[in-house]
2 protein chains.
Amino acid sequence: MKQRNPKSKLLMGPGPSNPDPRVLRALSEPTLGHLDPDYVAIMDETAELLRYVFSTKNALTIAVSGTGMAGMETAMVNSLEPGDKAIICTAGAFGDRMAEVAERVGAKVVKVESPWGEPIDPEDVRKAIRKNPDAKVVGIVHGETSTGVLQPLDDIAGAVHEAGMRIIVDTVASLGGVDVPTDRLGLDVVYSGSQKCLSCPPGLAPITLGEKAVSFIENRKTTCRSWYLDLGMIRRYWSFERFYHHTGPSNMIYALNEALRIVKEEGLEARFARHKAAQEVLIKGLTELGLKPVVNEPYRLPTLTTVYVPEGVQEGEVRKQLMDEFGIEIAGGLGVFKGKIWRIGLMGTNATKANVIRLLGALKEVLK
Amino acid sequence: MKQRNPKSKLLMGPGPSNPDPRVLRALSEPTLGHLDPDYVAIMDETAELLRYVFSTKNALTIAVSGTGMAGMETAMVNSLEPGDKAIICTAGAFGDRMAEVAERVGAKVVKVESPWGEPIDPEDVRKAIRKNPDAKVVGIVHGETSTGVLQPLDDIAGAVHEAGMRIIVDTVASLGGVDVPTDRLGLDVVYSGSQKCLSCPPGLAPITLGEKAVSFIENRKTTCRSWYLDLGMIRRYWSFERFYHHTGPSNMIYALNEALRIVKEEGLEARFARHKAAQEVLIKGLTELGLKPVVNEPYRLPTLTTVYVPEGVQEGEVRKQLMDEFGIEIAGGLGVFKGKIWRIGLMGTNATKANVIRLLGALKEVLK
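Keep in mind the model is a prediction, meaning the values are calculated, not measured.

> Summarise the relation of the copies chain A and chain B; cite the residues concerned and give the values.
Relating one copy of the chain to the other takes a rotation about an axis and a shift parallel to that axis. Expressed as a screw transformation, the operator carrying chain A onto chain B has a rotation angle of 180 degrees and an axial translation of 0.0 Å, and the superposed copies differ by an RMSD of 0.0 Å. On the angle and the small slide along the axis, the relation comes out as a two-fold axis. The rotation axis passes nearest to the C-alpha of Gly-66 of chain A in chain A, at a distance of 2.5 Å.

Structure, rendered in structure tokens:
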């Protein structure tokens, strides 16, 4: 069998991003038992670091043992009982997925839609809330990876809470790269993935739940439909009780721990500014190449830039050439944007001027 | 923040076991995009190696992006529709969990029970099948980690198939250490975990499905209740179609790939013989120390040995001393065996005479 030899590439798609070498080294630290005191101390520290990046004091803040999509399912299956009504905002592929996941856990879903490339209008959410006063939760994507839109949350969170509902926020593409104001807005359930702006390999899904969300778990009438993702049990593993639920993925937790230490060393404000600055260089360069951004300010997601493919250009060929000749990964469009846009990630470690200049140079060469 | 420094310990509990250094190194290979051609080639090779350890030609053979318990839930949620009847065999904690997971996915569960420490009696399964001819599946644990019993499968698989039902087998504690005769017995769904006899860190759940199980997925009347674990979609990601479902946990897949290469280099027969030989040395040594095995032959699980705690001995203290003074992890009992037994794993890389002698020396010192 020939040697397995994955080459290092510059990952400027929608994630995963390149982990810092420190994070890759942390992965190979010795595996420990899932109840080993040394391991559970690392779990505790990781939870504390997650509170820092989520800007929260929420006790129930953990990493789910699965990828970002496991985070989405954990959020839904622990926030809804079968038959509950959920208002799901969708203006892209991940909003659509949220609606589908909510339906699968048994919810009646009401959608609030916006065209791809635009944010959700808070007024539309208010209307949906007035029409559906029996809804229990409102779900919304903060950074829509399929469109590059950064969704403002202040107005919508306010409207949701006035109505006595809970808000579930997908921050898979924003956590660690853009401010996620969990406690400031009292966001009830917020989840993410390890592999984007945290620059940890894929495989873990950070999640945090506020008091109302925890109260739902404690008082639900039906058993959670998922055993694996049941936070009612998982939180007892992450608490001092150390209730055995599943075998904690120790090596991935080491990596997340190291990735979060790097975030904390840099500081959230500096990190957000770095992402923003890198995107500014990128937008300027793309514009000079004659490319047009999909999203207008102030709705541009700093961590993922979307840009239209020029007429007559085979977008897949460009991506293939970027990969084969320059070792750079960018992504094409999903859904209605398939074949029409490129998606360029500037996530975590990768959000630097040097990477932007490297990509722009390669892109110029490929497009000429 | 002080340096994270998990010390290397000899993991002789019920898993995780110690990964080979080659496996830990594989973890830190460069992270790749989940649709990168280099990465999907590694997925394909990993699936082929999984077919080798599962002794199967099943096309649908993959690693679920979660721990062994995600494997159990994947098996259940993809084999049952709400209201379906499931016969679940339980003679330990993991049989109990199987019943609970089946109930949560909406099944009506009929239990076939045996006392902890004994195997399931095939005659009891036949009776349950006769009483419940409308049951769709029979679930059973091959290596019961809570009791140390190796469940013979031939008779039971025969009875299940005669009745036109499907058999789901938990091989979390046996795959890679004991023969798992997937194709020989036509086992319909077989799942495992990465962290036991495969000696890969925890975080992945190998699973394989035969034709009848695949046909169930293709013809089910209700949508799978789990989006994250829906094999109808996941198999399209693991197939040539490369349908985007979730972000593949690349670094963990590298580790599993390397762990499986090690299994193949050794060869299954040699590996099974090594596990068996190591347990023989262990049983002999434990007997010389005056300790009595819980399980009688021929039902002893070679990969996990259970032994009674002698009267008057504080079992937790012994484990703590083994860990603190000798860096060796063994486990206590679960459920009815709590405080009454020790569980000693000889899994994968760890199943050697040298490790057994090291443990026996330490145990003799602690017990004297």
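> Describe the domain arrangement of chain A, with residues and values.
Residues and elements named next belong to chain A. Structurally, chain A comprises domain 1 (10–14 + 268–367) and domain 2 (21–264). With centres defined by C-alpha atoms, the gap from domain 1 to domain 2 works out at 27 Å. Each partner contributes residues to the interface: domain 1 has 24 residues there, and domain 2 has 23 residues. Counting residues per element, the side of domain 1 that touches domain 2 draws most heavily on helix H11 (residues 268–288), at four residues. Of the residues assigned to the side of domain 1 that touches domain 2, the class counts are 14 nonpolar, seven polar and three charged.

> Lay out the environment of Gly-13 of chain B in plain terms, naming residues and giving numbers.
Position of Gly-13 of chain B relative to the elements: it lies in the loop between strand S1 (10–11) and helix H1 (21–27). The sequence separation of Gly-13 of chain B and Tyr-254 of chain B amounts to 241 residues, and the corresponding C-alpha distance is 25 Å. Setting aside its immediate chain neighbours within four residues, Gly-13 of chain B contacts Gly-33 of chain A together with Glu-329, Ile-330, Ala-331, Arg-343 and Gly-345 of chain B.

> Give a detailed account of the packing of helix H3 (residues 68–77) of chain B against helix H4 (residues 93–104) of chain B, specifying residues and quantitative values.
All names here are of chain B. One way to put it is that H3 packs onto H4 with a least axis distance of 9 Å and a crossing angle of 50 degrees. Between H3 and H4, the interaxial angle falls into the category oblique. Like other packed secondary-structure pairs, H3 and H4 cross with a definite hand, here right-handed. Across from Met-72, Glu-73 and Met-76 in H3, the residues of H4 making contact are Arg-97, Met-98, Val-101 and Ala-102. Taken together, the residues that form the contact of H3 with H4 break down as five nonpolar, no polar and two charged.

> How would you summarise the nonpolar core if you had to cite specific residues and measurements?
Grouped burial of nonpolar side chains is what soluble globular proteins tend to show. Residues Ala-102 and Val-138 of chain A together with Ala-102 and Val-138 of chain B are the most contacted members of the largest nonpolar core, which totals 241 residues. Excluding anything up to four places from it in sequence, Ala-102 of chain B contacts Met-76, Leu-80, Ala-86, Ile-88, Ala-107, Val-109 and Gly-139 of chain B.

> So, the pairing of strand S2 (residues 60–64) of chain A: which residues are in play, and what are the values?
Residues and elements named next belong to chain A. Most of S2 is tucked away: five of the five residues are buried. Residues of S2 alternate between two faces, with Leu-60, Ile-62 and Val-64 on one and Thr-61 and Ala-63 on the opposite face, all of them buried. Of the strand pairs in this sheet, S2 and strand S10 (residues 205–209) are connected by five bridges, and their pairing is antiparallel. Counterpart to Leu-60 in the pairing with S10 is Leu-209.

> Could you give an account of the sheet that holds strand S2 (residues 60–64) of chain B, with specific residues and numbers?
Residue and element names in this part refer to chain B. One open sheet accounts for seven strands, arranged S2-S10-S9-S8-S5-S3-S4; its pairing is mixed. The open sheet is flanked by S2 and strand S4 (108–113), the only strands paired with a single partner. Within the sheet, the average angular offset between the axes of one strand and its neighbour, ignoring direction, is 15 degrees. Against the sheet, helix H8 (residues 231–238) contacts S2 and strand S10 (205–209), and its axis sits at roughly 95 degrees relative to S2.

Reading the values: the criteria
All residue numbers refer to position in the chain's written sequence, counted from 1. Throughout, the order in which chains and ligands are written sets their labels, letters from A for the former and numbers from 1 for the latter. Under the rules for a predicted model, residues below a pLDDT of 70 receive no local features and side-chain atom pairs below 80 are neither given nor counted, while totals for whole chains, interfaces and linings still include all residues. Superposition of the copies used a least-squares fit over C-alpha atoms from residues whose pLDDT is at least 70 in both. An automatic or database domain assignment supplies the residue ranges for each domain. We call two residues in contact when their backbone-placed C-beta atoms lie within 7 Å. To qualify as a helix, a DSSP run of H or I must reach at least 4 residues; to qualify as a strand, a run of E must reach at least 2; elements of each kind are numbered from the N terminus. Only Asp, Glu, Lys and Arg are considered charged, only Ala, Val, Leu, Ile, Met, Phe, Trp, Tyr, Cys and Pro nonpolar, and every remaining residue, Gly among them, polar. Every axis in this analysis is a line fitted to C-alpha atoms, fitted for helices over the stretch in contact. Angles between the N-to-C directions lie between 0 and 180 degrees. Under this scheme an angle from 65 to 115 degrees is roughly perpendicular, one under 35 degrees roughly parallel, and one over 145 degrees roughly antiparallel; angles in between are oblique. The handedness criterion is simple: a crossing whose near helix is rotated anticlockwise from the far helix by less than a right angle is left-handed, and one whose near helix is rotated clockwise is right-handed. Remark: nonpolar core denotes a set of buried Ala, Val, Leu, Ile, Met, Phe, Trp, Tyr and Cys residues whose joining runs through C-beta atoms within 7 Å. Buried, partly exposed and exposed are defined by the number of other C-beta atoms within 10 Å of a residue's own C-beta, namely 20 or more, between the two limits, and 12 or fewer respectively, with C-beta atoms placed from the backbone. Here the rule is simple: two strands pair whenever DSSP picks up at least two bridges between them.

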